[in-house]
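The chain contents come next:
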Amino acid sequence: MTSSLFSRRHTLALALAAALPGLAHAQAAPWPSKPIHFVVPFGPGGSNDIVARAVAEATAKVLGATIIIENKPGAGSMLGADIVAKSAPDGYTFLTPAAGVITNAMIKTKMPYQEDALVPVVMMAVSPSVIVVPADSKIRDLKGLVAASKKGDGLNFSTAGTGSTPHFVAEMLKLKAGAKMQIIPFKSGSEGMSAVVGNQVDATSEGSPIVLPMIKGGKLIPIASTWSRRIAALPDLPTAQEQGFNDIVIGHWTGVFAPKGTPDAILDKLNAAVNTALKSSELRARLIPMAIDPTGGSREDFRKFLAAEKARLAPIAKAAQMRED
């Protein structure tokens, strides 16, 4: 009996010894060793989704991995953000949001997750906002828009909802330029743009990839871009700053965020991979013609950008009394 027990223990010890190298290899498997998920907190087809898909495809080639896009729209991008904020910090779930990831806390009375639950990894790209008017409008520049708004009851300006980038543009025009405008919220930027095309409203501001086809098709007239430099796809369109409106600066940016606690080594590796992808001629040739400006940069660069945007936009949200539950 003793001999039999010894034999069983000896067999078990041999089995464990044989398994240990495999277990150690599994624990030390380099990241990524399985598909990565990029959660887009908007529906398919918008500028955020376009950027996320293009950058994910190029980054996957750099990493030699698979990156899966998951669209999780809802609650002003908070649904997708909440999913990622509460995901395991193992380097396989990331968020690719827009400005709502910092502005939602300015306008919401309740947030489903703590603001520091999401860690910035890298800024991917910026789609400059373009202020547009209907094709038959007599307005041709930003000064003309402000002047027209001061006549009668003012102008109607469509937005993609409370706290959206178009909403911030409208409030900047009101607060910084003295424009008189009625803000008309829609469920999406595409709907707000369609309202301008159909002459239901007088103007809007939307991401360049969304309005560019309508501009080229003669259905909208661009009067200003709202980024710090001109758009390569619209080289003749002056910025708001060039037209004398120095405080009207904002863009539809897209970045990558990770759940808090994700190892720095993984965040650094993903940051480097995205930066490499953004420098590729193939990806740049895909984004730039759509008026999307590849950015990139370090994790610290992204943190500084976010801090500056918070400091700049929070007073506007407060002065405009932006509030959405």
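Parameters and conventions
Residues numbered from 1 in each chain as written. Predicted model: local features only at pLDDT ≥ 70, side-chain atom pairs only at ≥ 80, totals over all residues. Heavy atoms only, no water. Helix = DSSP H or I, 4+ residues; strand = E, 2+ residues; numbered from the N terminus. Buried < 20%, exposed > 50% of the residue type's maximum accessible area, 1.4 Å probe, protein only. Contact = heavy atoms within 4.5 Å. Polar contact = N/O pair within 3.5 Å; in protein donor to acceptor, adjacent residues only side chain to side chain. Expected span 1.5 Å × (residues − 1). pLDDT = per-residue confidence, 0-100. Phe/Tyr/Trp six-rings, centres within 6.5 Å; stacked < 30°, edge-to-face > 60°. Lys NZ or Arg CZ within 6 Å of the ring centre and 35° of its normal.

**Student:** Now, about unusual backbone geometry: what can you tell me, with residues and values included?
**Tutor:** Glycine aside, the phi torsion of most residues is negative, and most peptide linkages are trans. Cis geometry marks the peptide bond from tryptophan 31 to proline 32; its omega dihedral reads 0°. Along the chain, the position of proline 32 falls in the loop between helix 1 (2-27) and strand 1 (36-40). At glutamine 321, a position not held by glycine, the phi torsion is positive, near 55°. Its place among the elements puts glutamine 321 in the segment after helix 11 (299-319). Overall, glutamine 321 belongs to the exposed group, its relative accessible area being 68%.

**Student:** Could you give an account of the environment of asparagine 71, naming the residues involved and the relevant values?
**Tutor:** For asparagine 71, the location among the structural elements is in strand 2 (residues 67-71). Once residues lying within four places of it in the same chain are set aside, the contact partners of asparagine 71 are Val40, Phe42, Gly43, Pro44, Asp49 and Arg53. Within the structure, asparagine 71 has its side chain in polar contact with the side chain of aspartate 49 (distance 2.9 Å). Side-chain polar atoms of asparagine 71 contact the side chain of arginine 53, separated by 2.7 Å.

**Student:** If you had to explain helix 9 (residues 264-278) to someone new, which residues and values would you point to?
**Tutor:** For helix 9, built from 15 residues, the straight-helix expectation of 21 Å at 1.5 Å per residue is met to within 8% by its first-to-last C-alpha distance of 21 Å. Residues of helix 9 that are buried include every one of Ile266, Leu267, Leu270, Asn271, Ala273, Val274, Asn275, Ala277 and Leu278, and no others.

**Student:** Account for the confidence of the model for the protein, with residues named and values stated.
**Tutor:** Where the model shows low pLDDT, its predicted coordinates should not be examined in detail. Residues with a pLDDT of 70 or more make up 91% of the protein, whose mean pLDDT is 90. Across residues 12-17 the pLDDT falls below 50, and counting only partners more than four positions away or on other chains, this stretch makes 0 contacts in the model.

**Student:** Break down the packing of aromatic side chains for me, citing the residues and quoting the values.
**Tutor:** Here the structure, examined in full by the defined rule, presents 4 aromatic pairs. An angle of 85° between the planes, with centres 5.9 Å apart, marks the rings of tryptophan 253 and phenylalanine 302 as edge-to-face. In this pair, tryptophan 253 is assigned in strand 9 (residues 251-259) and phenylalanine 302 in helix 11, connecting sequence segments 49 residues apart. Tryptophan 253 gets classed as buried once you look at its relative accessible area, which sits at 1%. Grouping aromatic residues by their ring pairs yields a cluster made of Trp253, Phe257, Phe302 and Phe305. The ring of tyrosine 92 has lysine 34 sitting right over it, with the charged end atom 4.8 Å from the ring centre.

**Student:** So what's going on with the environment of isoleucine 266? Which residues, and what values?
**Tutor:** Among the structural elements, isoleucine 266 can be located in helix 9. The class for isoleucine 266 is buried, based on a relative accessible area of 12%. Taking C-alpha positions, isoleucine 266 is 27 Å from serine 127, a pair spaced 139 residues apart along the chain.

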